[in-house]
Amino acid sequence: VFVAKRGVDGTWDWVVSAQLCDGEVRELVSDSQGNTHVLVNFDGLAQSSNCDVEIKAMNVDESFSTMNYYDSMVMKLDSSGNLLWVTPSSGTRYSQSPSVLSSDMVVDSNGNVTISGRATIASSANNITFAGMDLDLGTNCIANYRAFVVRLDGNGNGAWAQGAHSFGNCAREYSHVKVVSHPDGSATITGTTDYGLDFDGHQISHNSNYYRYLAHVDASGNWQWAKNITLSSGTMSTNTDNAILET
């Protein structure tokens, strides 16, 4: 994958590339300082022992490996194409193909980065991480994908990470999980699932095969509430009063 900047005169300013296995850019977000945040999904070592990551920026070449079948990373580039930091997901082992698939990213006015997606640990022996933080998806129905939300600070360090748990019948995440961040530092995700989900005691379920939901975390990453919004299309935004706008 690559990120390139072209001037208004049509000439190229710079290009940053990442050599990896089956990579896909999911989100590209610029901030008010001209920095660019890039969210990428790619294959980890569980897919192939050759699946290392090599980033070639204007200022540095950086290489690393991750352990899962699918993994994600966030790169932050400055306005000159220099790599400021890169933060990936990973794990402790790769039996039965644990996976992290990120789908959305927002950057707030303080430079904090919030990422949402779906993940599976695949086996109780596995431990998946994002920015070095454990991604807790519970102990029931561990082969099924469930939603997660992760917060990074402006330097790419992990602030907090949360995952949805399953209860009752095995819930599975079916959609690209979306996220919005609010002026008070909290965040809200929305996705599509079936059966029951548990967000640290805030439980939701529905008697149909699929339903949409909202789940909200405070600025410290603690689940605050979850709601069934079966008829929503899943489009969200936020307002200055921390309200959630949805369609």
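Residues numbered from 1 in each chain as written. Predicted model: local features only at pLDDT ≥ 70, side-chain atom pairs only at ≥ 80, totals over all residues. Heavy atoms only, no water.

Asker: How do you make sense of a nonpolar patch on the surface when you look at a structure like this?
Answerer: Judged by side-chain polarity, Val 1, Val 25 and Leu 28 come together as a nonpolar surface patch covering roughly 220 Å² of accessible area. Summarising the element assignment, Val 25 is placed in strand 3 (residues 21-30). The partly exposed category is assigned to Val 25, whose relative accessible area is 36%. (Patch = residues over 30% accessible without salt bridge, like charges linked within 9 Å, V, L, I, M, F, W, Y side chains within 5 Å. Areas by Shrake-Rupley, 256 points an atom, 1.4 Å probe, with all protein chains shown as cover. Salt bridge = Lys/Arg side-chain N within 4 Å of Asp/Glu carboxyl O. Helix = DSSP H or I, 4+ residues; strand = E, 2+ residues; numbered from the N terminus. Buried < 20%, exposed > 50% of the residue type's maximum accessible area, 1.4 Å probe, protein only.)

Asker: It is not clear to me how the sheet that holds strand 6 (residues 61-64) should be interpreted in this structure. Could you clarify?
Answerer: Backbone hydrogen bonds hold the strands of a sheet together, and the pairing may be parallel or antiparallel. Strand order in the open sheet made by the four strands is 1-2-5-6, with antiparallel pairing throughout. Where the open sheet ends on each side, the last strands, each with one partner, are strand 1 (2-6) and strand 6. Within the sheet, the average angular offset between the axes of one strand and its neighbour, ignoring direction, is 10 degrees. Bridging between strand 1 and strand 2 (residues 12-19) involves five bridges; their strand directions are antiparallel. Its bridge partner being in strand 2, Lys 5 is matched across the sheet by Trp 14. (Pairing = 2+ DSSP bridges. Axes fitted to C-alpha atoms, helices over the stretch in contact; angles between N-to-C directions.)

Asker: For this particular structure, what's the right way to read the pattern of salt bridges?
Answerer: Side-chain pairs of opposite charge can arise whenever the charged atoms involved come near each other. Going through the model one piece at a time under the given rule, you end up with four salt bridges. Residues Glu 24 and Arg 26 are paired through a salt bridge, measuring 3.5 Å at the closest nitrogen-oxygen approach. Residue Lys 178 is joined to Asp 104 by a salt bridge in which the shortest nitrogen-to-oxygen separation is 3.8 Å. Taken together, the residues Lys 178 in strand 16 (residues 178-181) and Asp 104 in strand 9 (residues 99-107) connect sequence positions 74 residues apart. Linked through salt bridges whose partners overlap, the residues forming this network are Glu 54, Lys 56 and Asp 61.

Asker: Looking at this structure, I do not really get the nonpolar core. What am I missing?
Answerer: Grouped burial of nonpolar side chains is what soluble globular proteins tend to show. Core analysis: the biggest nonpolar cluster contains 21 residues, and Val 74, Val 113, Ile 115, Phe 148 and Val 150 have the highest contact counts within it. Elements with a contribution of two residues or more to this core: strand 9, strand 10 (113-120), strand 11 (128-130) and strand 13 (146-152). What Ile 115 contacts, discounting residues up to four positions off in sequence, is Leu 39, Val 74, Ser 102, Asp 104, Met 105, Phe 130, Phe 148, Val 149, Val 150 and Leu 152. (Core = buried A, V, L, I, M, F, W, Y, C linked by side-chain atoms within 4.5 Å. Contact = heavy atoms within 4.5 Å.)

Asker: I'm lost on the environment of Leu 83 in this one. Help?
Answerer: Within the secondary structure, Leu 83 sits in strand 8 (residues 83-91). Considered as a pair, Leu 83 and Ile 55 are 28 residues apart in the sequence and their alpha carbons are 8.8 Å apart.

Asker: In this structure, what is going on with the pairing of strand 16? I would like to understand it.
Answerer: Residues in a regular strand point their side chains to alternate faces of the sheet. Across four bridges, the pairing between strand 16 and strand 17 (residues 187-193) is antiparallel. The residue bridging Val 180 from the neighbouring strand is Thr 188, located in strand 17. In textbook terms, the turn of a hairpin is the stretch between consecutive antiparallel strands, and for strand 16 and strand 17 this stretch comprises five residues, one of which, Gly 185, has a positive phi near 90 degrees.

Asker: Just checking my understanding: could you explain the sheet that holds strand 17 for this structure?
Answerer: Read across the open sheet, the four strands follow the order 16-17-20-21; overall the sheet is antiparallel. At either margin of the open sheet sits one strand with a lone partner, and together these are strand 16 and strand 21 (223-228). For this sheet, the mean angle separating the axes of adjacent strands, direction not counted, is 20 degrees. In terms of strand pairing, strand 20 (residues 211-217) meets strand 21 through five bridges, oriented antiparallel. Across the sheet, His 216 pairs through a bridge with Trp 225, a residue of strand 21.

Asker: Help me understand unusual backbone geometry in this model?
Answerer: Its identity is not glycine, yet Ala 131 carries a phi of approximately 55 degrees, on the positive side. One can find Ala 131 in the loop between strand 11 and strand 12 (133-134). The class for Ala 131 is partly exposed, based on a relative accessible area of 23%. With a phi close to 55 degrees, Asp 200 is a non-glycine residue in the positive phi region. With a relative accessible area of 62%, Asp 200 lands in the exposed category.

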